[in-house]
Amino acid sequence: MTVLEKFLSGDQAALARIITFIEDRQEKYREVLARLYPQSGRAVKIGFTGPPGAGKSSLVNSIARLLLARGHRIGIIAVDPTSPFTGGALLGDRIRMVDMPTDGSVYIRSMATRGSSGGLAAATGNVATALDAFGFDFILIETVGVGQVELDIVDTCDTVIVVLVPESGDAIQALKAGLMEIADIFAINKADRPGSENIVAELNMVLELKRNKIEWDLPVIATEAINNKNIDRLLEKIDAHLGYIKTSGLFEKHRREQIKNKLFGVMQFHFNNLIRQEIGRITDLDKVISDIYEGKSDPFTVGESLLKKISGIQPLH
Ligand SMILES: Nc1nc2c(ncn2[C@@H]2O[C@H](COP(=O)(O)OP(=O)(O)OP(=O)(O)O)[C@@H](O)[C@H]2O)c(=O)[nH]1
Ligand SMILES: [Mg+2]
């Protein structure tokens, strides 16, 4: 049996190999994805994002347990940006999801950026496609919410939970980081700490304007992941949100949008490659650069004419 056949027969070791293959973009990984893609689309994808150490892993862990108790199979992706800016790895006390059942009902995969964020969102989406095709009912995706890449990752989810903590200023920070735009549900975790009521109130105030404009009520739930408190309420809201997007048509709309983005992403990838591959054949690039450097021409005119030579396409203005 090939690895792909083993994957399709439900072998988790084959799943792990396929994911590595996709993540490392090994030769022909696109062909593998093309085979898996039609099998995907059934899993519900839930994103958890928020500042480092907010308790995202702890919440994913607790929600996964409730979903397992319902008989679902769960795939978990923990995206671990290793940049010094996010500082995730600096926290020595982060939760590792190790004490999960080993009967095949859960699969946990962490993905590191290895110092570069290029393509991370696409790679995460592709890994989610593999988990989806493998047959998991839910895919929980954890990512530190500080940059654009992380926002892109949660864009592949059906429901997004923004996790904040009682420390003052978080709500305002969240606004700045664009987290407000992507949240469907807010979890104020570590509600056992002082100040949690304040941030809930502050957030509710900020959300009031937005709530008036949409049908979904953007719930704010105070949770205590370590004490397993209000996790059931959080899951109720997840259920409610999934129900809302399905009946309102937003689910399909969003999924179609994701397909469009994927399609454009694939075309852009190939188009970029085409340019890099062809440019040397149709022109002397060093000479072109020298001409521009010496003021004999400009990147705008030359760029358009080179594009036309490569593709036959006259750029739109
Ligand atoms: N007091 C308190 N601590 C919590 C709670 N939930 C999680 N923690 C602790 O906060 C720390 C970080 O939790 P994680 O779940 O690893 O947080 P995270 O957001 O996944 O962290 P990164 O992935 O490193 O960004 C751990 O020591 C947890 O035990 C809570 O409800 N109350
Ligand atoms: Mg974590």
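Residues numbered from 1 in each chain as written. Chains lettered and ligands numbered in written order. Predicted model: local features only at pLDDT ≥ 70, side-chain atom pairs only at ≥ 80, totals over all residues. Heavy atoms only, no water.

## Things to note about unusual backbone geometry
Notably, Arg-25 is not glycine yet its phi reads approximately 50°, a positive angle. Examined against the element boundaries, Arg-25 turns out to sit in the loop between helix H2 (12-23) and helix H3 (29-36). Judged by relative accessible area, Arg-25 falls into the partly exposed class, the value being 36%. The residue Asn-228 is not glycine, and still its phi comes out positive at about 55°. Mapping Asn-228 onto the fold places it in the loop between strand S7 (220-222) and helix H10 (231-248). (Helix = DSSP H or I, 4+ residues; strand = E, 2+ residues; numbered from the N terminus. Buried < 20%, exposed > 50% of the residue type's maximum accessible area, 1.4 Å probe, protein only.)

## Re the coordination of the magnesium ion (ligand 2)
For the magnesium ion (ligand 2), the full set of protein donor atoms is Ser-57 (OG) and Glu-142 (OE), and the range of their distances to it is 2.1 Å. With a gap of 85 residues between them, Ser-57 in helix H4 (residues 56-69) and Glu-142 in strand S4 (residues 138-144) connect regions that are remote in the sequence. Here the two residues Ser-57 and Glu-142 agree in accessibility, since each one is buried. (Donors = N, O, S within 2.8 Å, 3.2 Å for Na, K, Ca; no water.)

## A closer look at helix H13 (residues 299-311)
Counted at 1.5 Å a residue, the expected span for H13 with its 13 residues is 18 Å, and the 18 Å between its end C-alpha atoms agrees. Contacts made by the buried residues of H13 are with helix H11 (250-282) and helix H12 (285-293). Among the residues of H13, the N-terminal cap falls to Asp-298, whose side-chain oxygen and the backbone nitrogen of Phe-300 are separated by 2.8 Å. Once H13 finishes, Gly-312 follows within two positions and takes phi at roughly 80°, a positive value. (Expected span 1.5 Å × (residues − 1). Contact = heavy atoms within 4.5 Å. Polar contact = N/O pair within 3.5 Å; in protein donor to acceptor, adjacent residues only side chain to side chain.)

## Focus on the packing of H2 against H3
Close contact between H2 and H3 brings their axes to 9 Å; oriented N to C, the two are set at 125°. Classed by the angle they form, the pair H2 and H3 counts as oblique. For the pair H2 and H3, the sense of crossing is left-handed. Along the contact surface, H2 presents Ile-18, Phe-21 and Ile-22, while H3 presents Tyr-29, Val-32, Leu-33 and Leu-36. When its residues are assigned to classes, the contact of H2 with H3 shows seven nonpolar, no polar and no charged. (Axes fitted to C-alpha atoms, helices over the stretch in contact; angles between N-to-C directions. Parallel < 35°, antiparallel > 145°, perpendicular 65-115°, else oblique. Left-handed = near helix turned anticlockwise from the far one by under 90°. Nonpolar A, V, L, I, M, F, W, Y, C, P; charged D, E, K, R; others polar.)

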